[in-house]
Amino acid sequence: MLIGANKIESHNDELLKKHQNKFAFTTSEVGETESIIQKLIDFQIAIPSWALGTGGTRFGRFPGGGEPRSIEEKIEDVGLLHALNNASGAISLHIPWDIPTDYQAIKNLAGQHGLKFDAMNSNTFQDQATQEHSYKFGSLQNANKAIRKQAIAHNIEVIKHGIELGSESLTVWLADGSSFPGQLNFRKAYQNTLESLEEIYAALPSNWKLFLEYKCAEPNFYSTTVADWGQSYSYVKKLGDKAQTLVDLGHHLPNANIEQIVSLLLMEGKLGGFHFNDSKYGDDDLTAGALKPYQLFLIFNELVEGMDARGMNHAKDLGWMIDASHNIKDPLEDLLQSVEAIMIAYAQALLVDRKALEIAQEENDVVKAQEILQNAFRTDVRALVAEARLRSGAALNPVALYRGLDVRGNLIGERGLKTMATGL
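Every chain begins its residue count from 1, and numbering advances along the sequence as written. Local features in this predicted model are restricted to residues whose pLDDT is 70 or higher, and side-chain atom pairs enter the listing and the counts only when it is 80 or higher, whereas totals over whole chains, interfaces and linings include all residues. The side-chain values count all of the structure's non-hydrogen atoms but skip hydrogen atoms and water molecules.

J.: Quick rundown of the sheet that holds strand β9 (residues 243-248)? Include the residues and the values.
T.: Taken in spatial order, the 6 strands make up an open sheet running β4-β5-β7-β9-β10-β11, and their pairing is parallel. Of all the strands in the sheet, the pair left with one neighbour each is β4 (120-121) and β11 (319-322). As paired strands, strand β7 (residues 209-213) and β9 are joined by 4 bridges and run parallel to one another. Directly across from Leu212, in β9, lies its bridge partner Thr245. Note on contacts: a residue pair qualifies if any of its non-hydrogen atoms lie within 4.5 Å across the two residues. Axis angles are defined between N-to-C directions and span 0 to 180 degrees, where every axis is a line fitted to C-alpha atoms and, for a helix, only to the segment in contact. Think of it this way: any DSSP run of H or I at least four residues long counts as a helix, any run of E at least two long counts as a strand, and we number them from the N terminus. Of the strands in this sheet, β5 (169-172), β7 and β9 are in contact with helix α6 (residues 186-202), which crosses β7 at around 150 degrees. Two strands are said to pair when DSSP picks up at least two bridges between them.

Set out below in structure tokens:
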């Protein structure tokens, strides 16, 4: 399904007067808004191919119909999102779920939707029908060298697919670990993993990056071989300049200070990017900003400060990606909501008076520092985010237009009610 520019224009015309009133009020309150709007227009968030279908738990899965059955349909779905918000201009593929049969045709299709290919993701947390060895007891850490070699070869294959598509990064997330004391020699598991990563790193093109993700628990519940940001940092520092840590907001122990982690990794030049989501208990993979919007703002506050301090380009110098599992909501609606929440948090962080905050910090004025941050967070910036969409030809209210056009109903009509997204 394609959303024509005329439908977006018609939708915007109906909402324009109300939006203009809100925008005028916001600009009168905020002051300098043009630079913020331009930054919002430039900022793009990659959509993961695996989040376009219904997720599930180990207890069940409840498909919603009209799910993408192929890499082509996944690209089309991201194209729908990008047409609605003009902030979803990239797709992140997962191998072997998304192996193209015709690279040029796939690149042409992506180009028609204004999309590029973001980080490629490897998969050594599942056994595939064609593989010789099982990853039941780990992949890059495995005591069996043949299994490690198999996992290394898979990651190198993913790099080769990415080269053909124009991607420039590889994301590695490992389910490796142990569920019981004594099951694993921690030192040997670390050494095996490092040696495996070194072989993968050696296969990277000169312009590529390797993002090493971490996770405190699940599917193993006694130890995880890359359990936290410190362990990831230990690996990527040894690997070299092209290796960086990827932060998934759901991959931390309860109450972890993620904004401090982000600040330190950025200071060390080892922050590669993000998987945005939200959680209440663990790796819940919920809509970004749905539960902890202030934390999301505080993370962006550190990002804006740290990136500006290093002279970095906000839009290009880190990897911005969503990672979510949509178990009860329409996946496309959920992704629209996540992108909106991320853009709002980013805009609020851009409002922070850096000079005033620095003075408050130097003078140990705790109350003033808190007021500066909370005033920015409590500012309603939705009109700025909507204005950025309007200027770039997207919808003032993406979710409303999505529903008004009955996009899900049309997708069900095209693909069927019982379809299931590949890879899930």
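The discussion continues.
J.: Requested: an account of helix α10 (residues 331-351), with residues and values cited.
T.: In a helix, the anticipated span is given by 1.5 Å times the number of residues less one. Relative to the 30 Å expected for 21 residues at 1.5 Å per residue, α10 spans 31 Å between its end C-alpha atoms, a close match to the ideal helical length. Relative accessibility thresholds used throughout: buried, under 20% of the residue-type maximum; exposed, over 50%; partly exposed, between the two (1.4 Å probe, protein chains only). Along α10, 18 of the 21 residues are buried, which leaves the element largely enclosed by surrounding structure.

J.: Which residues make up the layout of surface pockets, and what values do they have?
T.: Site definitions follow a grid-based scheme: protein atoms alone, a 1 Å grid, a 1.4 Å probe that fits but cannot get out for cavities, and for pockets an open set with protein on both sides within 12 Å along at least five of seven lines, plus lining residues having an atom within 4 Å of a point. Grid points are joined across faces, edges and corners, and a volume is the space filled by probe spheres set on the points. Here the largest pocket defines a volume of roughly 1400 Å³. Around the largest pocket, the lining is made up of 50 residues, and of these Phe125, Trp173, Lys215, Glu218 and Asp283 lie nearest the centre. Each residue receives one of three labels: charged for Asp, Glu, Lys and Arg, nonpolar for Ala, Val, Leu, Ile, Met, Phe, Trp, Tyr, Cys and Pro, and polar for the others, Gly being one of them. Looking at the lining of the largest pocket residue by residue, the class counts come to 15 nonpolar, 23 polar and 12 charged.

J.: Describe the nonpolar core, listing the residues and the values that go with them.
T.: One finds Phe274, Phe276 and Phe300 to be the most contacted residues of the largest nonpolar core, which totals 108 residues. When residues in this core are grouped by element, the largest group, 13 residues, is from α10. Aside from chain neighbours lying at most four places away, what touches Phe300 is Phe43, Phe276, Trp320, Ile342, Ala345, Tyr346 and Ala349. Counting residues in each nonpolar core, the second largest holds 6 residues, with Ala46, Ala90, Leu246 and Met321 among its members. Nonpolar cores are built from buried Ala, Val, Leu, Ile, Met, Phe, Trp, Tyr and Cys residues. Side-chain atoms within 4.5 Å join them into one set.

J.: Help me get a handle on the packing of aromatic side chains, residues and values and all.
T.: Think of it this way: a Phe, Tyr or Trp ring, Trp meaning its six-membered ring, pairs with another when their centres are within 6.5 Å, and the plane angle makes it stacked under 30 degrees, edge-to-face over 60, tilted otherwise. Under the definition given, this model contains 16 aromatic pairs. Look at Phe297 and Phe377: their rings are 5.6 Å apart centre to centre, the planes differ by 40 degrees, and that puts the pair in the tilted class. Of this pair, Phe297 sits in helix α9 (residues 293-309) while Phe377 is found in helix α12 (residues 366-377), placing the two residues 80 residues apart along the sequence. Taking relative accessible area as the criterion, Phe297 reaches 0% and is therefore assigned buried. Given a relative accessible area of 22%, Phe377 falls into the partly exposed group. Among the aromatic residues, ring-to-ring pairing joins Phe43, Phe274, Phe276, Phe300, Trp320 and Tyr346 into one connected group. Lysine NZ or arginine CZ positioned within 6 Å of the ring centre and within 35 degrees of the ring normal marks a charge as sitting over the ring. A cation sits over an aromatic face here: Lys242 above Tyr201, 5.3 Å from the ring centre.

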